[in-house]
Amino acid sequence: MNIRQLKKEEKELIQQAAEAIVAAFADSHPDAWPTLKDGFEEVEDCLDPEMVLLVALDDAGKLLGWIGGREEYDFAWELHPLVVDPATQRQGVGRALVAELEKRVKAAGANTIYLGSDDVTGQTSLSGVDLYPDPFDHVRNIKNLRNHPFEFYQKCGYVITGVVPDANGPGKPDIMMAKRIQ
């Protein structure tokens, strides 16, 4: 696997990246990037010179996945999004992309990477319930009901730092996670 920065002139890889984000989120977050047009818009946003957009390619140059990162604070970057082609999930692509982004962000002087991992389809025990008045009690007792990615990020060293109740509508929270990289 080869991981490198995506370039604006690589139209075929941009096409593959747009297709991958639509496919990867179709089940878990169907309203995020429902069309190829939406996928292209997200890829274009991530190609902003202020961002890092890394692609993982197989030996033939086919896209396996991609990751975006953006400096949001002086010492903290947001990981957004992480996309792995459904056909190549659970083969180390996501873990390799996260590790490479961490390496580059650390070299840029950041201390922390953070992310939000939405639950809009009832994948965790935080979905479909009123998290008030004590969101942290719910976070403390979180259960993964249907393959939510928060456990993937935990295996990569990220911790749950909070939750935004109802971020995506009633009972549809965003689970906030972060990792110190320095």
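Attention here is on the structure that accompanies the text. The structure presented is a predicted model; accordingly, all values stated were derived computationally and were not measured. Residue positions are given per chain, counted from 1 along the sequence in the order it is written. Only residues with pLDDT of 70 or above have their local features reported here, since the model is predicted, and side-chain atom pairs are shown and tallied only from 80 upward, although totals for entire chains, interfaces and linings are computed over all residues. The side-chain numbers reported here are obtained from all heavy atoms of the structure, hydrogens and water having been left aside.

1. Brief notes about the state of the cysteines
What we call a disulfide is simply a covalent bond connecting the sulfur atoms of a pair of cysteines.
Okay, step 1: Disulfide assignment relies on a single distance test, namely cysteine sulfur atoms paired within 2.5 Å. The final tally for this structure, using the stated rule, is 0 disulfides.
Okay, step 2: Of all cysteine sulfurs, the one in C156 lies closest to C46, which takes part in no disulfide; the gap is 18 Å.
Okay, step 3: Classification of C156 as buried rests on a relative accessible area of 10%. Each residue gets one of three labels from its accessible area relative to the maximum for its type: buried under 20%, exposed over 50%, partly exposed in between, using a 1.4 Å probe on protein chains only.

2. A look at helix α3 (residues 93-107)
Okay, step 1: Helix and strand labels come from DSSP, where a helix needs a run of H or I of at least four residues and a strand needs a run of E of at least two; each type is numbered from the N terminus. An expected span of 1.5 Å times one less than the residue number is assigned to each helix. Compared with an ideal rise of 1.5 Å per residue, which puts 15 residues at 21 Å, α3 spans 21 Å between its outermost C-alpha atoms and is within 8% of the ideal.
Okay, step 2: Within the sequence span of α3, burial applies to V93, G94, L97, V98, E100, L101, E102 and V105.
Okay, step 3: Backbone geometry just downstream of α3 places G109 in the positive-phi region, at approximately 100 degrees.

3. Focus on the environment of Q5
Okay, step 1: Mapping Q5 onto the fold places it in strand β1 (residues 2-5).
Okay, step 2: Any two residues whose heavy atoms approach within 4.5 Å at even a single point are treated as in contact. Those residues in contact with Q5 that lie beyond four places of it in its chain are E10, M51, V52, L53, L54 and R104.

4. A look at the nonpolar core
Okay, step 1: Here, nonpolar core means buried Ala, Val, Leu, Ile, Met, Phe, Trp, Tyr and Cys residues that are tied together by side-chain atoms lying within 4.5 Å of each other. Of all hydrophobic cores here, the largest spans 30 residues; its most connected members are I67, L79, L97 and Y158.
Okay, step 2: For this core, the secondary structure elements donating two or more residues are β2 (51-57), β3 (63-71), β4 (76-84), α3, β5 (112-118), α5 (150-155) and β7 (174-180).
Okay, step 3: By residue number, the principal contributor to this core is α3, which donates 5 residues.
Okay, step 4: Non-local contacts of I67, meaning those with residues more than four positions away in its chain, are made with V52, L53, L54, L79, P81, L82, L97, V98 and L101.
Okay, step 5: Core analysis: the second largest hydrophobic core is formed by 21 residues, C46, M51, L63 and V83 among them.

5. A short note on the environment of F25
Okay, step 1: In this structure, F25 sits in helix α1 (residues 11-25).
Okay, step 2: Along the backbone, F25 and V83 are 58 residues apart, and their C-alpha atoms lie at a distance of 8.2 Å.
Okay, step 3: Aside from chain neighbours lying at most four places away, what touches F25 is P30, W33, L82 and V83.

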